[in-house]
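Structural overview for review
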Amino acid sequence: MTHKRAPSKIYPKVSTLPRQRTEADHYLDMYKLTVEKKRIQQELENMNQRRQRLLARLADIEQQTEGLGDRAEGSPRPASAPATPKQSPLRASHSIPTSAVYLPDRANPSPPQDYSTVVLDY
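Because the structure is a prediction, the values reported are computed rather than measured. (Residues numbered from 1 in each chain as written. Predicted model: local features only at pLDDT ≥ 70, side-chain atom pairs only at ≥ 80, totals over all residues. Heavy atoms only, no water.)

1. Section: the overall build of the chain
- The helix and strand inventory of the chain stands at 1 helix and 0 strands.
- Residue burial in the chain is summarised as follows: out of 122 residues, 2% are buried.
- As displayed, the chain has an accessible area near 13,000 Å², and 57% of this comes from carbon and sulfur atoms. (Helix = DSSP H or I, 4+ residues; strand = E, 2+ residues; numbered from the N terminus. Buried < 20%, exposed > 50% of the residue type's maximum accessible area, 1.4 Å probe, protein only. Areas by Shrake-Rupley, 256 points an atom, 1.4 Å probe, with all protein chains shown as cover.)

2. Section: a nonpolar patch on the surface
- Taken together, L28, Y31 and V35 make up a surface patch of nonpolar side chains, about 300 Å² in accessible area.
- One can find V35 in helix α1 (residues 23–74). (Patch = residues over 30% accessible without salt bridge, like charges linked within 9 Å, V, L, I, M, F, W, Y side chains within 5 Å. Salt bridge = Lys/Arg side-chain N within 4 Å of Asp/Glu carboxyl O.)

3. Points about the pattern of salt bridges
- Considering all chains together, one arrives at 3 salt bridges under this definition.
- Close ionic contact of R21 with D29 constitutes a salt bridge, the shortest N to O distance being 2.4 Å.
- The exposure class of R21 is exposed, given its relative accessible area of 52%.
- Its relative accessible area of 30% is what places D29 among the partly exposed residues.
- Of the charged contacts, one joins R39 and E43 as a salt bridge, the two residues approaching to 3.3 Å between their closest N and O atoms. Highlighted residues: R39 and E43, both in helix α1, separated by 4 residues, approximately one helical turn.
- With relative accessibility at 47%, the residue R39 sits in the partly exposed group.

4. A few points about a negative patch on the surface
- A contiguous patch of negative charge on the surface is contributed by E62, E66, D70 and E73.
- In this structure, E66 sits in helix α1. (Lys, Arg positive; Asp, Glu negative; His and termini not counted. Charge placed at Lys NZ, Arg CZ, Asp CG, Glu CD.)

Following this line, the structure appears as structure tokens:
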């Protein structure tokens, strides 16, 4: 039985000298810079659009805050009535979060005296 060895892979020679710059290299660099420039311009445009949306939302929040402040000063509510959020006419499809906190009624703070214990064996 004769075993033949597979031919070894021929690796390209590595030169320590830098390659000479060709016209194609210059065009490749120009292309890379152009692509990066377009990407950065698009990113700036997206940031500007997001900034405009955020400014519009801030203006909407300010308007809602002023409206709620005017209503709170104009008509005092009884202390027992819970606060009900009103939807603004601009954003009728979105609910507005409130900061109303409803604590549980703690009229009977003592624990019940009829605890029963159950033991399970496995």
